[in-house]
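Close look at the chain arrangement
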Amino acid sequence: MGVDARTLVSMRDLVIRRASDDRPVLDGINLRIRSGEVVGLVGESGSGKTTLGLALLGRIRPGLERIRGHVRLEGEDLFSVPAAELAALRTARLGYVAQNALEAFDPAWRLLRQTTEAALLHGLMGERTATNAATSLYGELGLPDPEELGWRYPHQVSGGQLQRIMLAMATLNAPDLIVFDEPTTALDTSTQETVLKAVRRLLRKSGAAALYITHDLSLVTRIAQRICVLHRGRIVEDAPAEEIVHRPRHPYTRALWGVAAGVRRSRPVPEQPLLELRGIRTGYGTGPDILHDVSLQLARGRTLAVVGESGSGKTTLGRVIAGLLPPRAGEMLLDGEPLPPRLKDRTQEMRRRIQFLHQSADGALNPSHDVFMILSRPLALFHELSGRAAQQRAEELLEMVDLPPDILHRRAARLSGGQKQRLALARALAAEPDVLICDEVTSALDAVLRNGILQLLNRIQERTGTAILFITHDLSAVRAIADEMIVMHEGQAVEAGSCADVLKAPQSEHTRRLLAASGAGSSRFMPAGQ
Amino acid sequence: MTHRARIRPTSPGNISPVQVAAATIMWFYVLAALLAPLIAPYGEAEIVGEAFAPWSTQHWLGTDQLGRDFLSRLLYGLRNSLVLAVTTTLLSFLVGGLAGLLAATGGRIMDTVLSRFVDVIMALPALIFALMLLTVFGTGAMQLVLVIGLLDATRVFRIARTLAMREAAMDYVEAARLRGESLRRIMIAEILPNVKAPLLAEAGMRFSFVFLTVATLSFLGLGLQPPAADLGSMVRENATLITYGDFTPLIPAGLIALLAMAVNFLIDGRLEEEEGTIHGG
């Protein structure tokens, strides 16, 4: 692509706010896409990616309002074009591929009719021409039996096929710009690959410019020439793909890489474990044993996942370490020193070093307290911070977990579910712990919030070197976060080892069953709680 | 709490007319109580004429059974009753509320000791027990406050304990324990804010009942000692007038009712406000 390639679309100082609370969703976006250029847009959920993509098409979703800024398509301001004209313009020159093809298609109409509808509606093609064009596109996209496919209904094809048909729909009119909004996120890995190839082929052939939106940094580097990183409504980094891969400048981009890598980089294992449990046996009251002879080791800066079904004793294990339930037998060592079984026998320093994150942040945060109160207690108890110093540190902690500092005086009860879990995490971090016990912290959250928390945990571990004991029943979370794992079943650790080994070649029958039940861990939606 | 549903502020953040009226009435009571010695035309125990004299320009509300000015007695009675009710309610909530919180958070032994002690006291008929205590310790405003306050505290204890028990099982209390908060801090800073609302509602009720208890004890000669006036006793002492078609004795009764209503409306308003902030309006 030549340096002198002309600008196709440009976005200047675009500010879009949520009408309900005046929070900016996009905060001064400047973006230029030259003709034929493929630009990747990367960011976490909630960073404003989709809003930006739609704005490129001259659309603003209900509930949002544009405060200022323009989007120009070859000089023409999309926001000042009359609605009818804009629709025609979109059909002819712009394409959009949505994240979830299944929702984007009308189940009652045949695929061919939906593919060609816009072209026919705006008189861009005759019916015969449109049908032929669609059929040949199907073929180019590697869809089976292109002649016949168009006569099927959406439910008669697979998700990956549907996504490709949507690509056909978006490119039928040979648009100048196509916006891809996470077109492969909902697909499993092998289908993802097929679709991605189709996208690449299509773009190369048509010469259209594209904005490819995704949260997956490693994926976008394979398709885009330039990558923009969006964080909290601002573009924090905009550089050639090459540079983003090898020399990411913004810390947020670097953090994204940490997650995008999928499998965590293996770090050298320190020789002495930070936390060690030997032969722990325990139960409640005078009841039967819930844990039988459980041992584990957790090293500094690493994450150990404790996996099991509900009732397997994994939460009990976390409570034993936290000092909430004294073991009946066995010993616990922290940095080689014996750790008293009861919370009240532990020193304040020991309490600081081991922090516990509850499953439901809803219950773990006092609803009458405001955010500052919640953060200032551990600061006062563990670090003797108060007044201005505590306030400053509290703001830093909010920043660390991606919460805006202006919620400092909001009551905990007024925060959203995801915000509460982040706040609970910030409170645990206030102690600057060596060990962070996370008890099913993501199981009550939806997929988007869950991923956010997992990324956050990884990033924080990177920064602070905290060891994490991650208790969960969700194997896909284990993949994203853990170095080692132990599998619990009926109070016993039936398998232990590095995540890669256990997930690839499980030794115990029970682990195999767990893996099979999790469906290769591609769960997009988690059931709430247990 | 069926009465709560009926009174709603027009919109959250706005104070309803009922609230304004209740607050005005409260201020009127407080002013009357504070200024009683200044605005009362005659002394509290001063005998100024015939017994049971009718309303006149000299004695606006007539005189009582001993020939004391009824209006003056009413103002002093208001003052005495208000002070008595406020201090008694405060005492019962301080003692009962704290003991309840302690029972809920201080572990099983603490809970057993406190709960069984309260059970024993509640097993005794309250009035008889109060009579016994007052006979032993003598009568007087101070003894009255202590006896009624402590007996009421047993009921407050039960409510506070039940409410706090539920909160004590929450994860935020566990989180507080995990970071090494003191028991006192857990009670006062963590649990109390979350049980405050229902306790406040109960306080409104208790406050009204104190008038009745004082009146009952006064009837038995163990309440406020003559010649001190209190609203409850004034109803009783002058009750015979009603038989003659004179409704003057109903005035102190009405004042008690009005006060009880105003207090409860005010508390309702506070609760609505509280709920508004906790549950996001």
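Residues numbered from 1 in each chain as written. Chains lettered and ligands numbered in written order. Predicted model: local features only at pLDDT ≥ 70, side-chain atom pairs only at ≥ 80, totals over all residues. Heavy atoms only, no water.

1. Quick notes on the overall build of chain A
Along the backbone of chain A there are 21 helices and 20 strands. By the burial criterion, 52% of the 530 residues in chain A qualify as buried. When contacts within chain A are restricted to residue pairs at least 6 apart in sequence, those whose partners lie at least 24 apart make up 69%. Summed over all atoms, the accessible surface of chain A reaches about 22,800 Å², with 50% contributed by carbon and sulfur. (Helix = DSSP H or I, 4+ residues; strand = E, 2+ residues; numbered from the N terminus. Buried < 20%, exposed > 50% of the residue type's maximum accessible area, 1.4 Å probe, protein only. Contact = heavy atoms within 4.5 Å. Areas by Shrake-Rupley, 256 points an atom, 1.4 Å probe, with all protein chains shown as cover.)

2. What to know about the packing of helix H5 (residues 126-137) of chain B against helix H6 (residues 141-168) of chain B
Residue and element names in this part refer to chain B. The interhelical angle for the contact between H5 and H6, taken along N-to-C directions, is 150°, at an axis separation of 10 Å. Here H5 lies roughly antiparallel to H6, going by the angle between them. In this structure, the crossing between H5 and H6 has a hand that is right-handed. In this structure, H5 contributes Ala126, Phe129, Ala130, Leu133, Leu134 and Phe137 to the contact, and H6 contributes Gln143, Leu144, Val147, Leu151 and Arg155. A breakdown of the residues in the contact of H5 with H6 according to their chemical character gives nine nonpolar, one polar and one charged. (Axes fitted to C-alpha atoms, helices over the stretch in contact; angles between N-to-C directions. Parallel < 35°, antiparallel > 145°, perpendicular 65-115°, else oblique. Left-handed = near helix turned anticlockwise from the far one by under 90°. Nonpolar A, V, L, I, M, F, W, Y, C, P; charged D, E, K, R; others polar.)

3. Thoughts on H5 of chain B
All names here are of chain B. Its 12 residues give H5 an end-to-end C-alpha distance of 16 Å, which sits within 8% of 16 Å, the value for a rise of 1.5 Å per residue. Those residues of H5 not exposed but buried are Phe129, Ala130, Leu133 and Leu134. Along the axis of H5, the buried positions cluster into a sector of 130°, meaning they face one direction only. Away from the buried face of H5 by more than 90 degrees, exposed residues Ile128, Thr135 and Val136 are located. Contacts from the buried residues of H5 go to helix H4 (108-123), H6 and helix H8 (183-219). Just beyond H5, the residue with positive phi is Gly138, at close to 90°. (Expected span 1.5 Å × (residues − 1). Arc of directions from axis to C-beta.)

4. A look at helix H7 (residues 159-171) of chain A
Residues and elements named next belong to chain A. With 13 residues, H7 ought to run about 18 Å at 1.5 Å a step, and its terminal C-alpha atoms sit 19 Å apart, in line with that. The element H7 is extensively covered by neighbouring structure, given that 11 of its 13 residues are classed as buried. Among the residues making up H7, those that are buried are Gly160, Gln161, Leu162, Gln163, Arg164, Ile165, Met166, Leu167, Ala168, Ala170 and Thr171.

5. Let's talk about the pattern of salt bridges
When their charged atoms lie close together, side chains carrying opposite charge are able to pair. Residues and elements named next belong to chain A. In the structure shown here, the tally under the stated rule is 42 salt bridges over all chains. The salt bridge involving Asp27 is made with Arg234; its shortest N-O contact spans 3.0 Å. Here the residue Asp27 occupies a position in strand E2 (residues 24-34), and Arg234 occupies one in strand E10 (residues 234-240), the gap between them amounting to 207 residues. A salt bridge links Arg226 to Glu37, with the shortest nitrogen-to-oxygen separation between them at 3.0 Å. (Salt bridge = Lys/Arg side-chain N within 4 Å of Asp/Glu carboxyl O.)

6. What about a nonpolar patch on the surface?
Residue and element names in this part refer to chain B. Judged by side-chain polarity, Leu94, Val95, Leu98, Met142, Leu146, Leu150 and Ile188 come together as a nonpolar surface patch covering roughly 630 Å² of accessible area. Put simply, the parts of the chain that give the nonpolar patch at least two residues each are helix H3 (70-105) and H6. Inspection of the secondary structure assignment puts Ile188 in helix H8. (Patch = residues over 30% accessible without salt bridge, like charges linked within 9 Å, V, L, I, M, F, W, Y side chains within 5 Å.)

7. Description of the nonpolar core
Judged by nonpolar contacts, the single largest core of 51 residues is most densely connected at Leu423, Leu425, Leu457, Phe470 and Met485 of chain A. Setting aside residues no more than four positions away along its own chain, Leu423 of chain A makes contact with Leu365, Val371, Ile374, Leu375, Leu398, Leu403 and Leu415 of chain A. (Core = buried A, V, L, I, M, F, W, Y, C linked by side-chain atoms within 4.5 Å.)

8. Quick word on the interface of chain A and chain B
Contact with chain A, which involves 25 residues of that partner, is made by 20 residues of chain B. Between chain A and chain B, roughly 1,900 Å² of surface is buried when both sides are summed, and carbon and sulfur atoms account for 52% of that area. Scanning the region where chain A abuts chain B turns up two salt bridges. In this structure, Arg377 of chain A and Glu181 of chain B form a salt bridge, with 2.7 Å as the shortest nitrogen-oxygen distance. The interface formed by chain A and chain B contains nine residue pairs in polar contact (both at pLDDT 80 or more). Secondary structure elements with two or more residues in the side of chain A that touches chain B: helix H12 (314-322), helix H13 (348-353), helix H14 (361-364) and helix H15 (371-383) of chain A. (Buried area = accessible area lost by both parts, 1.4 Å probe. Polar contact = N/O pair within 3.5 Å; in protein donor to acceptor, adjacent residues only side chain to side chain.)

9. Re the pairing of strand E16 (residues 354-357) of chain A
Residue and element names in this part refer to chain A. Neither face of E16 is exposed, since Ile354 and Phe356 on one face and Gln355 and Leu357 on the opposite face are all buried. Across four bridges, the pairing between E16 and strand E17 (residues 435-439) is parallel. Considered in E17, the bridge of Gln355 is made with Leu436. (Pairing = 2+ DSSP bridges.)

10. Some words on the environment of Met485 of chain A
All names here are of chain A. Considering the arrangement of structural elements, one finds Met485 in strand E19 (residues 484-489). According to the relative accessible area criterion, Met485 is buried, its value standing at 1%. With 14 residues separating them in the primary sequence, Met485 and Cys499 have C-alpha atoms 5.6 Å apart. Those residues in contact with Met485 that lie beyond four places of it in its chain are Leu304, Ala305, Val307, Leu475, Val478, Glu495, Ala496, Gly497, Cys499, Val502 and Leu503.

11. A few points about the side chain of Glu182 of chain A
All names here are of chain A. Mapped onto the secondary structure, Glu182 falls in the loop between strand E7 (177-181) and helix H8 (189-206). For Glu182, a relative accessible area of 7% corresponds to the buried category. Among residues more than four places away in sequence, those in contact with Glu182 are Lys49, Gln99, Ile213, Thr214 and His215.

12. Considerations on the sheet that holds strand E1 (residues 7-18) of chain A
Where strands meet in a sheet, backbone hydrogen bonds hold them as pairs that are either parallel or antiparallel. Residue and element names in this part refer to chain A. Strand order in this open sheet of four strands is E2-E1-E4-E5, and the pairing throughout is antiparallel. In this open sheet, the two edge strands, each paired with only one partner strand, are E2 and strand E5 (76-77). Relative to the sheet, helix H1 (residues 49-56) contacts E1, E2 and strand E4 (64-73), its axis offset from that of E1 by approximately 130°.

13. Observations regarding the packing of aromatic side chains
All names here are of chain B. Applying the stated criterion across every chain yields a total of three aromatic pairs over all chains. Between the aromatic rings of Phe28 and Tyr29, the centroid separation amounts to 6.1 Å while the plane-to-plane angle is 85°, which identifies the pairing as edge-to-face. Residue Phe28 is classed as exposed on the basis of its relative accessible area, which comes to 52%. Measuring from centroid to centroid gives 5.7 Å for Trp55 and Phe247, while their planes differ by 65°, and the two rings are edge-to-face. With Trp55 in the loop between helix H2 (17-39) and H3 and Phe247 in the loop between helix H10 (240-243) and helix H11 (250-278), the pair connects residues that are 192 residues apart, well separated along the chain. (Phe/Tyr/Trp six-rings, centres within 6.5 Å; stacked < 30°, edge-to-face > 60°.)

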